[in-house]
Amino acid sequence: MKQTIRLVQEALKARGLYSGAIDGIAGPMTDAALSELPELPAEWPRTRKIIGCVQILCGEQGIDVGPVDGYLGPRTRYGLECLVALKETGSLPSPWRDQPIPSPANPNGWPTQSEDDLTGYFGPVAEQLVRVQLPYPHRLAWDKRKVVDSFVCHPKVEASLQRVLQQVFDTYGMTEIRALGLDLWGGCFAKRQKRGGSTWSTHAWGIAIDYDPERNQLNWGRHQAQLARPEYEPWWACWENEGWVSLGRSRNFDWMHVQAARLP
């Protein structure tokens with residue numbers, strides 16, 4: 001909320017309505033400035049006026065968030081993310097729904113993500129596993145002091161996985177890999193069901209990998225996830241050229257997750 005209040009305070013100061021500190025703390029001076037905006041009913045409480053001001057700012061930037069009603073719904077939340085991006089980068093995010101769908105390449109013939117197809121191609125969960133040697137060292141995402149040079153996966157994805165990570169290493173080099181967190185390993189094989197679901201996760205076959213889970217959390221979209229940033233485009237190209245699928249790029253959630261299975 002502090003970030004939102006700072007945005008509002010900056011906008012009010014630019015209008016000559018606010019002369020206090022840009023501190024993210026809504027006090028009497030912020031209240032007085034908000035009361036000067038004719039679009040905001042006087043009887044609204046402070047929080048509603050702050051959100052209403054955000055909606056006004058979105059409208060001025062051509063971001064459609066609907067009517068100025070002072071409620072933080074999905075459209076207004078998206079608009080707020082756009083305003084934050086504008087402040088931090090100087091430009092609004094590109095319209096991601098207009099971007100091309102990731103490459104349909106599937107040179108390894110990965111099956112679709114249904115339990116029947118996965119079992120038909122990879123066999124029963126947790127029964128066929130090998131240890132893949134990594135082209136560059138990985139740090140454990142939950143304990144960055146620990147480094148691994150291999151992890152367990154399904155034998156049918158081993159060679160492809162090595163090709164992908166070798167291409168990542170050739171593309172970025174170790175220094176940039178560390179800087180971007182492309183070595184922060186969040187797990188591969190785990191005999192478990194999908195989080196929030198009742199069917200087997202692709203992790204149960206050892207055909208899915210999580211990277212940098214702290215900065216790419218399950219429910220985060222592209223305006224929060226680190227792996228959605230432009231500098232990671234070559235990373236995703238390395239995976240997609242081998243037919244691996246990013247849930248983030250395909251469905252805009254779980255950006256940490258990449259799998260050797262096609263979405264239905």
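Small disclaimer: the values here were computed from a predicted structure and weren't measured.

Draft legend 1. Representation of the side chain of T202 in the model. Structurally, T202 is set in the loop between β3 (184-187) and β4 (208-211). There is a polar contact of 3.2 Å between the side chain of T202 and the side chain of Q259. Non-local contacts of T202, meaning those with residues more than four positions away in its chain, are made with Q113, L118, I207, A208, H257, Q259 and A261.

Draft legend 2. Inspection of the confidence of the model for the protein at higher detail. Averaged over every residue, the pLDDT of the protein is 90; the share at 70 or more is 95%. Averaged pLDDT values over the elements of the protein bottom out at 83 in helix α4 (residues 74-89) and peak at 98 in helix α6 (residues 155-180).

Draft legend 3. Summary view of the packing of α6 against helix α7 (residues 233-240). With their axes 9 Å apart at the nearest point, α6 and α7 run at an angle of 155° to one another. One element, α6, and the other, α7, form an angle in the roughly antiparallel class. The way α6 lies across α7 gives a crossing that is right-handed. Seen from α6, the contacting residues are L161, V164, L165, Q167, V168, T171 and Y172; seen from α7, they are E233, P234, W235, C238 and W239. Of the residues assigned to the contact of α6 with α7, the class counts are nine nonpolar, two polar and one charged.

About the cut-offs
- Here the residue numbers are simple positions, counted from 1 along each chain's written sequence.
- Reporting in this predicted model follows two pLDDT cut-offs: at least 70 for local features of residues, and 80 or more for side-chain atom pairs to be given and counted; totals over whole chains, interfaces and linings ignore these cut-offs and use all residues.
- Values shown for side chains rest on all heavy atoms present in the structure; no hydrogens or waters enter the calculation.
- Numbering of helices and strands runs from the N terminus; a helix is a DSSP stretch of H or I covering at least four residues, while a strand is a stretch of E covering at least two.
- The definition of a polar contact used here is a pair of N or O atoms within 3.5 Å, where within protein one atom must be able to donate a hydrogen and the other to accept one, and adjacent residues in sequence count solely through side-chain atom pairs.
- Residue contacts are defined here by distance: any two heavy atoms, one from each residue, within 4.5 Å place the two residues in contact.
- Per-residue confidence from the predictor is reported as pLDDT, a score between 0 and 100.
- Angles here are taken between N-to-C directions and fall from 0 to 180 degrees, while the axes themselves are lines fitted to C-alpha atoms, restricted in helices to the stretch in contact.
- Every angle not falling under 35 degrees, over 145, or within 65 to 115 is termed oblique; those three ranges are roughly parallel, roughly antiparallel and roughly perpendicular.
- Crossings are assigned a handedness: left-handed for a near helix turned anticlockwise from the far helix by less than a right angle, right-handed for a clockwise turn.
- Amino acids outside the nonpolar list (Ala, Val, Leu, Ile, Met, Phe, Trp, Tyr, Cys, Pro) and the charged list (Asp, Glu, Lys, Arg) are all regarded as polar, and Gly is one of them.

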